[in-house]
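Structural description and commentary
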Amino acid sequence: MSKDVSRNKLLWIAGLGWLFDAMDVGMLSFIIAALQKEWNLTAEQMGWIGSINSIGMAVGALVFGLLADRIGRKQVFIITLLLFSIGSGLSALATTLTVFLILRFFIGMGLGGELPVASTLVSESVAAHERGKVVVLLESFWAGGWLLAALISFFVIPAYGWQMALILGAVPALYAIYLRINLPDSKKFMATKTERRSVWQNIADVWAKPYAKQTTMLWILWFSVVFSYYGMFLWLPSVMVMKGFSLIKSFEYVLIMTLAQLPGYFSVAWLIERIGRKAVLIIYLTGTALSAYFFGNADSAAALMTFGALLSFFNLGAWGALYAYTPEQYPTIIRATGAGMAASFGRIGGILGPLLVGYLVAQKVSITMIFAIFCIAIFIGALAVLFLGKETKQQELA
């Protein structure tokens, strides 16, 4: 029983940070739409707000992933959330796009560093037979954060402005830091702590012969998932406006679509220990690709809602499986490095996705064509898992 309590406590403490991170990223899509009106931003400038966030995430995932294998998961866990919450609070005071972009970079660093380290810590602290399920449940807090973001954006931004939304995102994150201070570090990490290894040795080992195949698979998978997710979801409210809906109406529709993320996560949490990581990833990535194609082709409110909800269901389910699958590819000594490097490479996709949409919209390329590009990218990720991935269901971590 006590083991269950500690597992649940770990899940909630890690999950709260995950929720506030998601809340910030989720609100960003609505804030971009609000800033466009307030600061008269061009489509390219709107794209840069999303992309600078991902540049920070790429740097954070790499730096903090490497650091977590040196100083421990817990320390990095606290540092990243601190960076994120302070940056988020300060960005509410920004009065120019330049200052806002600089702060978004630091927020992105904290967010990008936290996510792979959190999933690594939880993976190392949970028994093999339920590890996948618990990591997916950790990921499900992301949906809760998006839901809060959508609610705040729907009720707070129109009435009190985008600044208040950012302050609301930063304050509770400080509580999550307080909770983490008493959190124990991973026992697996503590057992390897005496081995003094250089950062360069860890980086080299991730690409050494025993791990090169899974590293290649993970990098392709992460790139395709992050590229499509940030390209599609950061632009959702703006895409709804382009399709003729008011800003308030688009917030309402995206809120409803966001609700579909929760059954996406919970279905994967149920399936991942039954049919395995590979099958779940391939099924949910294929579902995401098809939903993206039909969402891009939707020309009525009913079709937009239906395929938007399916897009949320499959895409966020795939994210849950991705975070469960990634740390299982490496031994403890290079686990955070491997997970951080894969996430960091993926974030390059997160930089290119929103920028690509911004430039294609400016070039008058149709939404249908833009979403077809994301459909193809996701299929490439599914093929990488199919041909290069290995099943890690219920395997003990080395």
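Residues numbered from 1 in each chain as written. Predicted model: local features only at pLDDT ≥ 70, side-chain atom pairs only at ≥ 80, totals over all residues. Heavy atoms only, no water.

Some points on the domain arrangement of the protein
Rules: Where a domain begins and ends is set by an automatic assignment or by a domain database. A 1.4 Å probe defines the accessible area here, and the buried area is the portion of it lost by two parts on being joined, summed over both. Any carboxyl oxygen of Asp or Glu within 4 Å of a side-chain nitrogen of Lys or Arg constitutes a salt bridge here. In protein, a polar contact means a hydrogen-donor-capable atom and an acceptor-capable atom, both N or O and within 3.5 Å, with residues adjacent in sequence counting only if both atoms are side-chain atoms; elsewhere, any N or O pair within 3.5 Å suffices. Only DSSP runs of H or I with at least four residues qualify as helices, and only runs of E with at least two residues qualify as strands; both kinds are numbered from the N terminus onward. Under the convention adopted here, Pro, Cys and the residues Ala, Val, Leu, Ile, Met, Phe, Trp and Tyr are nonpolar, Asp, Glu, Lys and Arg are charged, and Gly plus all remaining residues are polar.
What the domain assignment lists for the protein is domain 1 (1-184) and domain 2 (198-397). Placing the centre of domain 1 and that of domain 2 at their C-alpha centroids yields a distance of 17 Å. Together domain 1 and domain 2 conceal approximately 4,900 Å² of surface at their shared face, both sides included; 72% is due to carbon and sulfur atoms. For the interface between domain 1 and domain 2, the tally reads two salt bridges. Of the charged contacts in the structure, one is a salt bridge between R131 and E328, with a shortest N-O distance of 2.8 Å. Put simply, domain 1 and domain 2 have 13 residue pairs in polar contact (both at pLDDT 80 or more) between them. At the level of elements, α1 (2-39), α2 (43-71), α4 (97-125) and α5 (131-155) are the ones that each hand at least two residues to the side of domain 1 that touches domain 2. Looking at which element gives the most residues to the side of domain 1 that touches domain 2, the answer is α2, with 18 residues. Of the residues assigned to the side of domain 1 that touches domain 2, the class counts are 29 nonpolar, 13 polar and ten charged.

Things to note about unusual backbone geometry
We count it as follows: Per-residue accessibility, obtained with a 1.4 Å probe over protein chains only, is compared with the maximum for each type, and a residue is labelled buried under 20%, exposed over 50%, and partly exposed between these values.
Of note in this structure, N40 is not a glycine but carries a positive phi near 50 degrees. Counting through the fold element by element, N40 comes out in the loop between α1 and α2. Residue N40 is classed as exposed on the basis of its relative accessible area of 62%. In the Ramachandran plot, K364 falls in the positive-phi region, its phi being about 65 degrees despite a non-glycine side chain. If you trace the backbone, K364 turns up in the loop between α16 (332-362) and α17 (367-388).

What to know about a nonpolar patch on the surface
As a reminder of what qualifies: Nonpolar side chains (Val, Leu, Ile, Met, Phe, Trp, Tyr) are joined into patches within 5 Å and like charges within 9 Å, using only residues with over 30% relative accessible area and no salt bridge. Here the accessible surface of atoms and residues is derived via Shrake-Rupley with a 1.4 Å probe, and residues count as covered only by protein chains that are part of the display.
On the surface, a cluster of nonpolar side chains totalling about 470 Å² of accessible area is made up of L82, I86, L90, L93 and L174. Considering the arrangement of structural elements, one finds L93 in the loop between α3 (73-91) and α4.

Observations regarding the pattern of salt bridges
Considering all chains together, one arrives at eight salt bridges under this definition. In this structure, R73 and E124 form a salt bridge, with 2.7 Å as the shortest nitrogen-oxygen distance. Here R73 is found in helix α3, whereas its partner E124 is found in helix α4, with 51 residues between them in sequence. Note on E124: relative accessible area 6%, which makes it buried.

Concerning the packing of aromatic side chains
We describe a pair of aromatic rings using the distance from one ring centre to the other and the angle between the two ring planes. Rules: To pair, rings of Phe, Tyr and Trp, with the six-membered ring standing in for Trp, must have centres within 6.5 Å; the planes then decide the type, stacked if under 30 degrees apart, edge-to-face if over 60, and tilted in the middle.
Considering all chains together, one arrives at 25 aromatic pairs under this definition. Between Y229 and Y230 the ring centres are 4.9 Å apart and the planes differ by 85 degrees, which places this aromatic pair in the edge-to-face class. Take Y229 and Y230: they sit in the same class, and that class is buried. Ring centres of W319 and Y323 lie 5.8 Å apart, and the angle between their planes is 20 degrees; this geometry places the pair in the stacked category.

A word on the packing of α2 against α3
For clarity, the threshold we go by: Axis angles are defined between N-to-C directions and span 0 to 180 degrees, where every axis is a line fitted to C-alpha atoms and, for a helix, only to the segment in contact. We call two residues in contact whenever any of their non-hydrogen atoms come within 4.5 Å of each other.
Taken N-terminus to C-terminus, the directions of α2 and α3 make an angle of 145 degrees; their axes are 7 Å apart at the nearest point. Facing α2, whose interface residues are F64, L67, A68, D69 and I71, α3 presents R73, Q75, V76, I79, T80 and L83.

Some remarks on α2
For the record, the criterion: Multiplying 1.5 Å by the helix residue count minus one yields the expected span of that helix.
Between its terminal C-alpha atoms α2 stretches 42 Å, which fits the 42 Å expected from 29 residues at 1.5 Å a residue. Just beyond α2, the residue with positive phi is G72, at close to 110 degrees.

Remarks on the packing of helix α14 (residues 277-297) against α17
Going by this rule: Roughly parallel here means an angle under 35 degrees, roughly antiparallel means over 145, roughly perpendicular means 65 to 115, and every remaining angle is called oblique.
Remark: α14 packs on α17, axes separated minimally by 8 Å, with the N-to-C direction vectors making an angle of 170 degrees. Here α14 is positioned roughly antiparallel relative to α17, judged by the angle of their axes. When its residues are assigned to classes, the contact of α14 with α17 shows 16 nonpolar, six polar and one charged.

Quick notes on the nonpolar core
The criterion, for reference: As used here, the term nonpolar core means buried Ala, Val, Leu, Ile, Met, Phe, Trp, Tyr and Cys residues forming a set that is joined through side-chain atoms within 4.5 Å.
Counting 130 residues, the largest nonpolar core has I49, F100, W142, W222, W319 and F371 as the members making the most contacts within it. Broken down by element, the residue count for this core peaks at 19 residues, all from α1. Viewed by domain, this core spans two of them, domain 1 (1-184) and domain 2 (198-397), each represented by three or more residues. Setting aside anything within four residues of it in sequence, one finds W222 in contact with W319, L322, Y323, T326, A342, A343, G346 and R347.

A word on the side chain of R104
One can find R104 in helix α4. If sequence neighbours within four positions are ignored, R104 has contacts with D24, L28, I52, N53 and L166.

Describing the environment of F20
Looking at where F20 falls in the secondary structure, it is placed in helix α1. The exposure class assigned to F20 is buried, which follows from its relative accessible area of 8%. The spatial distance from the C-alpha of F20 to the C-alpha of V171 is 9.5 Å, given a sequence separation of 151 residues.

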